[in-house]
Amino acid sequence: MKLDTGALRYLTSDDWRVLAAVEQGSKNHELVPTPLIQQIAGLRGGSGTHKNISNLAKVGLIAKVKNAKYDGYRLTYGGLDYLALNTHRKSETIYSLGNQIGVGKESDIYITASPEGRQLVLKLHRLGRISFRTVKANRDYLRNRSTGSWMYLSRLAAQKEHAFMRILHREGFPVPEPVAWSRHTVVMEFIDAFPLRMIDHVGDPGKLYAELMEMIVRLARRGLIHGDFNEFNILVKEVKNGDSVDLIPILIDFPQMISTNHTNAQMYFDRDVEGVRRYFERRLRYTSDEEGPFLEEALKGAKPEERLDVEVEASGFSRKMAKELERYVETVGGDHSEAEAVDQQDEVSEGEDEINEAPEEHDETIEAGDDGVTHEAEGSDLAEQLDGLR
Ligand code: ADP
Ligand code: MG
């Protein structure tokens, strides 16, 4: 699903009010009835609201749906995108929107810039957009969920990602600096680097390997397991150092992070370790003589008062929210399933990566008005597009 900002400039301030009203109404109505939209928007003259509703529906920001009892509207992902962009614009977090740099299995990544011209990344979470590789059981489970819950889960993913990044960054872990979050989006520092997967030559694999394992251990000592620690989620900065090049790993992608107190902590920890080990063996032809690291040992050095998992929970991302998101993540799997699939493919041929292939969209998440037009080529000036809409 593309982020289509084309209609931004045509929305009037009343359109925005009505859009916000549909969002608010969606909190306790799967289908927001028209009278409720009118009531929340609080616009004078009911017929005017109808016009706003039809404007919004025409550009696909809301969609009309019938159920057994009444007709109503729901917010589309496009509408949610607009609301989040508008919030980031109003708070002067982002000024312009640039190219799309990544299509994850369940996210879209854009370059953006702050009013001061700092390059930033906008990550839009799109839970429910399932890879063609996932098994049928997953699709069946997911089909039974409404679009409302897709949006809710995407919001949870963004909130969780921002909460973890904030704390990890503060504690000096090599992660992008988080700048803001709104709804299903996170704005963060742009890291000028490629994922490990794209790095052809690693001069001293032993050093990088040790650093990555140490990072896994450091996280565990603070009560955390990344849960998707692999070559796609480790960006590697190449910094010239005299004649050689230093490789500096930076960790990204946090919606599946878990506590070391989790029932399956051992399994997730071992899987993170094993993923790195396997990647280094297969792709970089490097095998460490050392075993481990092991969760039990990492936890020996842990101080209870320094636990970050506890702090994140206290910061507003509650245990209940974590559970809801986790249920989804466990069903769908993270990048590691992608990594495994690519691995298997490598065994057949050392072919092209398929990770950039656009994933199939799930039936129920194809929003009305999604015209499939791509808007990748040029950057667009968000401020200009939003001008006059304040
Ligand atoms: P997903 O959850 O879809 O896997 P990621 O957070 O892993 O999303 O991001 C997908 C890709 O986008 C990454 O592999 C990386 O290439 C790029 N990317 C994400 N965040 C950043 C960032 N802060 N700076 C630079 N590139 C990024
Ligand atoms: Mg990722």
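The model shown is predicted, which means the values in this text are computed figures rather than measured ones. Starting from 1, residues in each chain are numbered consecutively following that chain's sequence as written. Throughout, the order in which chains and ligands are written sets their labels, letters from A for the former and numbers from 1 for the latter. The model is predicted, so local features are restricted to residues of pLDDT at least 70 and side-chain atom pairs to those at 80 or more, both for listing and for counting; the totals for chains, interfaces and linings are taken over all residues.

Asks: Any chance you could break down the pairing of strand 7 (residues 178-182) for me, citing the residues and the numbers?
Replies: Note on burial: count the other C-beta atoms lying within 10 Å of the residue's C-beta; 20 or more is buried, 12 or fewer is exposed, in between is partly exposed, and C-beta positions come from the backbone. Only DSSP runs of H or I covering at least 4 residues are called helices, and only runs of E covering at least 2 are called strands; the numbering of each starts at the N terminus. Counting buried positions along strand 7 yields four of five residues, so the element is predominantly enclosed. Judged from the four bridges that link them, strand 7 and strand 8 (residues 185-189) form a sheet pairing that is antiparallel. Along strand 8, the bridge assignment pairs Pro178 with Met188. In this analysis, strands are considered paired if DSSP registers two or more bridges between them. Connecting strand 7 to the next strand, strand 8, in antiparallel fashion are two residues, including Arg183 with a positive phi near 55°.

Asks: Break down the sheet that holds strand 6 (residues 119-125) for me, citing the residues and quoting the values.
Replies: In sheet architecture, strand pairing relies on hydrogen bonds along the backbone and comes in two forms, parallel and antiparallel. With antiparallel pairing, the five strands of this open sheet are ordered in space as 4-5-6-8-7. The sheet is open, and its two borders are formed by strand 4 (96-103) and strand 7, each paired with just one other strand. If you compare each strand with its neighbour and ignore which way they point, the axes differ by 25° on average. Each of strand 6, strand 7 and strand 8 is contacted by helix 4 (residues 77-90), which is oriented at about 135° to strand 7, the strand it contacts most. To get an axis, a line is fitted to the C-alpha atoms, and for a helix only the part in contact is used. The angle between two axes follows their N-to-C directions and goes from 0 to 180 degrees. For the purpose of contact definition, each residue receives a C-beta atom placed from its backbone, and two residues are in contact when these atoms lie within 7 Å.

Asks: Could you give an account of helix 11 (residues 319-332), naming the residues involved and the relevant values?
Replies: In this scheme, a helix's expected span is set at 1.5 Å multiplied by one less than its residue total. Compared with the 20 Å implied by 1.5 Å per residue over 14 residues, the 20 Å span of helix 11 between its first and last C-alpha is a close match. Considered for burial, the residues of helix 11 that qualify are Leu325, Tyr328, Val329 and Val332.

Asks: Report on the site of ligand 1, specifying residues and quantitative values.
Replies: Any residue whose C-beta atom, as placed from the backbone, lies within 6 Å of a molecule or strand is termed near it. Residues in contact with ligand 1 amount to 20 residues; listed here are only the nearest, Gly102, Gly104, Ser107, Ile191 and Asp253. Only strand 4, strand 5 (107-113), strand 6 and strand 8 provide two or more residues apiece to the shell around ligand 1. Under the scheme applied here, ten amino acids are nonpolar (Ala, Val, Leu, Ile, Met, Phe, Trp, Tyr, Cys and Pro), four are charged (Asp, Glu, Lys and Arg), and all others, including Gly, are polar. Among the residues making up the shell around ligand 1, the classes are represented as ten nonpolar, four polar and six charged.

Asks: An account of the nonpolar core is requested, with residue identities and associated values reported.
Replies: It is characteristic of soluble globular proteins that their nonpolar side chains tend to be buried jointly. The term nonpolar core refers to a set of buried Ala, Val, Leu, Ile, Met, Phe, Trp, Tyr and Cys residues connected through C-beta atoms within 7 Å. In this structure, Leu19 and Val22 are the most contacted members of the largest nonpolar core, which totals 86 residues. With ten residues, helix 6 (residues 147-170) is the largest single contributor of residues to this core. When near neighbours in sequence (up to four residues on either side) are disregarded, Val22 contacts Val32, Ile37, Ile62, Tyr73, Leu75 and Gly79.

Asks: Any details on the domain arrangement of the protein chain? Residues and values, ideally.
Replies: Domain ranges listed in this record stem from an automatic or a database domain assignment. What the domain assignment reports for the protein chain is domain 1 (1-75), domain 2 (87-192 + 356-365) and domain 3 (194-348). Listed by partner, the interface residues are 24 residues for domain 2 and 26 residues for domain 3. Among the secondary structure elements, those contributing two or more residues to the side of domain 2 that touches domain 3 are helix 5 (136-143) and helix 6. Per element, the largest residue contribution to the side of domain 2 that touches domain 3 is ten residues, and it comes from helix 6.

Asks: Tell me about the sheet that holds strand 2 (residues 62-66), residues and numbers included.
Replies: Sheet architecture is open: three strands sit in the order 1-3-2, paired in antiparallel fashion. Of all strands in the sheet, those bounded by a partner on one side alone are strand 1 (32-33) and strand 2. With two bridges joining them, strand 1 and strand 3 (residues 71-75) adopt antiparallel strand pairing. Within the sheet, the bridge partner assigned to Val32 lies in strand 3 and is Tyr73.

Asks: Describe in detail the pairing of strand 2, supporting the description with residues and values.
Replies: Of the pairings in the sheet, the one linking strand 2 to strand 3 comprises five bridges and is antiparallel in character. Its bridge partner lying in strand 3, Ala63 is registered against Arg74.

Asks: Help me get a handle on the environment of Ala113, residues and values and all.
Replies: With respect to the helices, strands and loops of the structure, Ala113 is situated in strand 5. Exposure remark for Ala113: the 19 C-beta atoms within 10 Å place this residue in the partly exposed category. For the pair Ala113 and Phe194, spaced 81 residues apart in sequence, the C-alpha separation works out to 19 Å. Contacts of Ala113, omitting those with residues within four sequence positions, involve Ile94, Tyr95, Ser96, Gly98, Arg118, Gln119 and Leu120.

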